[in-house]
Amino acid sequence: MELRHLRYFVAVAEEGSLLTAAERRLHTSQPSLSRQIRDLEAEVGVKLLERQPRGVTLTAAGKVFLDHARLALLQVEAAAEGARRAERPEKQSFTIGFLAGQEVVWLPHALRIIREEAPEVEIVLSSQSSPDLALALMRGKLDVAFLRPETQSVGVSFKFLAKEPLIAVLSADHRLTSRKKIGPQDLARETYVSSARISPVLQSVIQDYASEVGITLKAEYEGDGLPSAMSLVVSTGGITLIPLYAQNMLTPNVVARALEGVPPTIDLTLGYNDSNSSPLLRRFLSRSDELVANVQNQSIIRYAEVP
């Protein structure tokens with residue numbers, strides 16, 4: 001079994017078609033790709049794909065194999081990245097990823113700890129969505145990241161930092177801005193704008209909250225993130241839910257309001273690749289409690305206390 005067999009199989013599984021995978025992803029012929037998949041199935045000893053008139057589907061064995069194949073390819077990529085870093089010892093760096101907007105809260109305190117531990121290290125910052133940060137960790141592109149506990153992140157561990165309450169955001173001229181808090185039934189009656197199209201963890205938290213309070217939140221409009229969600233809130237007169245930290249990023253034409261009762265919360269974590277042997281990473285993780293305490297003491301953002 002060779003790495004190309006795994007790459008071919010993952011491409012076919014993700015595209016759901018031998019032809020599409022051959023032409024768009026792998027730039028090879030369909031007969032050649034079919035032969036490679038048959039060789040792989042012979043090597044594994046079980047059938048991985050079911051050929052259908054309009055494509056292919058994974059067998060039960062294929063679904064299991066897909067998870068392991070993805071992990072194997074990610075580990076190879078992480079190994080190559082680690083080797084490249086080891087070859088450049090004169091350029092020691094520590095790469096930190098942030099869920100966009102969290103830098104305002106966490107970066108000053110994180111930098112102080114890193115400077116105390118390794119004053120000579122070069123610090124590289126990256127701001128992305130939480131799923132993209134998790135993928136970068138799996139690929140060995142980041143040493144540590146401030147992100148959500150993404151469920152499909154094989155080989156990545158998450159260290160809890162804080163629970164962030166969700167708040168409501170609406171246009172500055174909305175009639176509900178006269179209230180200090182927004183109730184569940186108010187949300188149900190308004191045009192709901194989703195800010196979580198590319199954030200499955202946040203989407204799950206919001207839907208669980210809606211179920212608990214007995215309302216339905218079906219998005220009439222969906223934003224890719226906070227900026228697009230705010231634009232939709234203003235243009236549609238709707239309302240959206242976001243984590244508390246994002247109030248630092250609000251534009252003047254929108255306002256934030258707390259939710260009535262016990263608000264839903266979303267976890268913020270430190271993520272890191274289990275195979276990363278960086279001594280600086282271990283020292284940084286060992287001081288995470290100190291990091292949290294400094295943020296709670298000095299930040300204008302007030303996170304929820306852990307039960």
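By the naming in an unreviewed UniProt entry, the chain is HTH-type transcriptional regulator TtuA, taken from Rhizobium acidisoli. Recorded in UniProt under Sequence similarities (unreviewed entry), the annotation for the chain is "Belongs to the LysR transcriptional regulatory family."

Chemist: How do you make sense of the pairing of strand β2 (residues 55-58) when you look at a structure like this?
Modeler: Regular strands place their side chains on alternate faces of the sheet. In the sheet, strand β1 (residues 49-52) pairs with β2 via 4 bridges, with the strands oriented antiparallel. Note that in β2 the partner of Glu50 across the bridge is Thr57. Hairpin connection, β1 to β2: the antiparallel pair is bridged by 2 residues.

Chemist: Is there a simple way to explain the packing of helix α5 (residues 103-117) against helix α11 (residues 288-298) in this structure?
Modeler: For any two helices packed against each other, one specifies the inter-axial angle together with the distance between the axes. At a minimum axis distance of 10 Å, the contact between α5 and α11 shows a crossing angle of 135°. As summarised for this structure, α5 and α11 are arranged oblique, according to the angle between their axes. Note on packing geometry: the crossing formed by α5 with α11 is right-handed. Across the interface between the two elements, Val105, Trp106, His109, Ala110, Arg112 and Ile113 from α5 touch Glu290, Leu291, Val292, Asn294, Val295 and Gln298 from α11.

Chemist: Explain the UniProt feature "domain: HTH lysR-type" (unreviewed entry) in the chain here, please?
Modeler: Listed under "domain: HTH lysR-type" (unreviewed entry) in the UniProt record, and renumbered for this structure, are residues 1-59. The span residues 1-59 is 63% helical and 14% strand by assignment, and the distance between its end C-alpha atoms comes to 19 Å.

Chemist: In this structure, what is going on with the packing of helix α1 (residues 3-15) against helix α3 (residues 30-44)? I would like to understand it.
Modeler: Following both chains from N to C, one finds α1 and α3 inclined at 110°, their axes separated by 10 Å at the closest point. The angle between α1 and α3 falls in the class roughly perpendicular. In terms of crossing hand, the pair formed by α1 and α3 is left-handed. Contacts between α1 and α3 pair Arg4, His5, Tyr8, Phe9 and Val12 from the former with Leu33, Gln36, Ile37, Asp39 and Leu40 from the latter. Classifying every residue of the contact of α1 with α3 by side-chain character gives 6 nonpolar, 2 polar and 2 charged.

Chemist: I tried to follow helix α6 (residues 130-138) on my own but got confused; where do I start?
Modeler: An α-helical turn contains 3.6 residues, so a residue and the one three or four places further along point in the same direction. Of the positions making up α6, those classed as buried are Ser130, Leu133, Ala134, Ala136, Leu137 and Met138. Gly140 lies just past α6 and shows a positive phi near 75°.

Chemist: What's the story with the nonpolar core in this structure? I'm lost.
Modeler: Nonpolar side chains in soluble globular proteins tend to end up buried together. Phe94, Ile96, Trp106, Ile114, Phe146 and Phe284 are the most contacted members of the largest nonpolar core, which has 26 residues in total. Elements supplying a minimum of two residues to this core: β3 (93-99), α5, β5 (144-147), β6 (156-171), β12 (265-273), α10 (279-286) and α11. The biggest single contributor to this core is α5, with 6 residues. Look past the residues within four positions of Phe94 in its chain and what remains in contact with it is Ile114, Val121, Glu122, Ile123, Val124, Asp143, Val144, Ser278, Leu280, Leu281 and Phe284. Grouped together as the second largest cluster of nonpolar side chains are 24 residues, Leu99, Met138, Ala145 and Val254 included.

Definitions and cut-offs
- Residues numbered from 1 in each chain as written.
- Predicted model: local features only at pLDDT ≥ 70, side-chain atom pairs only at ≥ 80, totals over all residues.
- Heavy atoms only, no water.
- UniProt positions renumbered as here; feature names shortened; annotations may be inferred.
- Pairing = 2+ DSSP bridges.
- Helix = DSSP H or I, 4+ residues; strand = E, 2+ residues; numbered from the N terminus.
- Axes fitted to C-alpha atoms, helices over the stretch in contact; angles between N-to-C directions.
- Parallel < 35°, antiparallel > 145°, perpendicular 65-115°, else oblique.
- Left-handed = near helix turned anticlockwise from the far one by under 90°.
- Contact = heavy atoms within 4.5 Å.
- Nonpolar A, V, L, I, M, F, W, Y, C, P; charged D, E, K, R; others polar.
- Buried < 20%, exposed > 50% of the residue type's maximum accessible area, 1.4 Å probe, protein only.
- Core = buried A, V, L, I, M, F, W, Y, C linked by side-chain atoms within 4.5 Å.

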